[in-house]
Amino acid sequence: MKAGPVEVREPVTLKLGEPVPPKPVMVDHHSLPAPVVSSRLKEALAPRDLHGVQWVPADVHVGEGDVRRYWLMHMWRQIRCMDRERSDFRAAPSGLFLLSLDRLVLDEAVLREIPLEQRLAFLLEEDTVHLFHRSVVDRVLSLTPPPEGLRFIPVEEWNDSAGFR
């Protein structure tokens, strides 16, 4: 969650949480606080040279001697662009962070001030929400076969229960 590139000397080691199924299905996207993507997704997105995104190698231990290379998508570019008037949220008494975010509306005026190539993928500064421009989404969804284990929710449809739909 560092707000800048990190120094990487060796791959991050990840393992599946308990209980580990006998034959785990390794899809194109898994979730930690940062997205964890397959080499296939990384190869599709890396040529876009996403500003504020660093690809950190991650070795996932799947079983006895089975290690798969994935990539942590360290999105260090944060943009404070939540429309506080139209979004539905509850802030901490200090106002420094959100306790809940039920409906997100982006402040288009703020986004217009930032060149498109600098906001193709970023982290919402107000909360841990990863945002991707439509062109990035289209690139991922154009892969054949279609990617497994992920879906994109348009901001207009996003709410606190969107992940459960």
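Sequence order sets the numbering: in each chain, residues are counted from 1 along the sequence as written. pLDDT decides what is reported in this predicted model: residues at 70 or higher carry local features, side-chain atom pairs at 80 or more are listed and counted, and totals for whole chains, interfaces and linings draw on all residues regardless. Values reported for side chains reflect all heavy atoms of the structure, with hydrogen atoms and water molecules removed beforehand.

Enquirer: With reference to specific residues and values, describe the overall build of the protein chain.
Expert: Within the protein chain, the secondary structure is distributed over three helices and ten strands. Each helix is a run of DSSP H or I of at least 4 residues and each strand a run of E of at least 2, with the numbering of both proceeding from the N terminus. Secondary structure elements in the protein chain, listed N-terminal to C-terminal, are β-β-β-α-β-β-β-β-β-α-β-β-α. Radius of gyration means the value over C-alpha atoms here, while the globule rule gives 2.2 Å times the residue count to the 0.38 power. Against the compact-globule benchmark of 15 Å for 165 residues, the protein chain has a radius of gyration of 17 Å, which places it among compact chains. In terms of its C-alpha atoms, the protein chain occupies a principal-axis envelope of roughly 50 × 35 × 35 Å. Relative accessibility decides the category of a residue: with a 1.4 Å probe and only protein chains considered, values under 20% of the type maximum give buried, values over 50% give exposed, and everything between is partly exposed. Across the 165 residues of the protein chain, 38% fall into the buried class. All accessibility values rest on the Shrake-Rupley procedure with a 1.4 Å probe; residue burial counts only the protein chains present in the view. In the form shown here, the protein chain has an accessible surface area of approximately 10300 Å², with 52% of it arising from carbon and sulfur atoms.

Enquirer: I'd like a rundown of the packing of aromatic side chains, residues and numbers included.
Expert: Note on ring pairs: Phe, Tyr and Trp rings are taken, using the six-membered ring of Trp, and paired if centres are within 6.5 Å. Classes follow the plane angle, with under 30 degrees stacked, over 60 edge-to-face and the rest tilted. Per the counting criterion, the structure on display carries one aromatic pair. For Lys 42, the ring lying beneath its charged end belongs to Trp 71, and the centroid distance is 4.3 Å. Its guanidinium or amino end placed over the ring of Trp 71, Arg 69 lies 5.7 Å from that ring's centre, counting from NZ or CZ. A positively charged side chain is recorded as over a ring if its NZ (Lys) or CZ (Arg) lies within 6 Å of the ring centre. The angle to the ring normal must also be within 35 degrees.

Enquirer: An account of the environment of Arg 9 is needed here, citing residue identities and associated values.
Expert: Here Arg 9 is to be found in the segment before β1 (12-15). For Arg 9, a relative accessible area of 73% gives the class exposed. Between the C-alpha atoms of Arg 9 and Arg 151, which are 142 residues apart in sequence, the distance is 31 Å. Polar contacts, as used here, are pairs of N or O atoms within 3.5 Å; protein pairs need one atom able to donate a hydrogen and one able to accept it. Residues neighboring in sequence count only if both atoms are side-chain atoms. A polar side-chain atom of Arg 9 sits 2.5 Å from a polar atom in the side chain of Glu 7.

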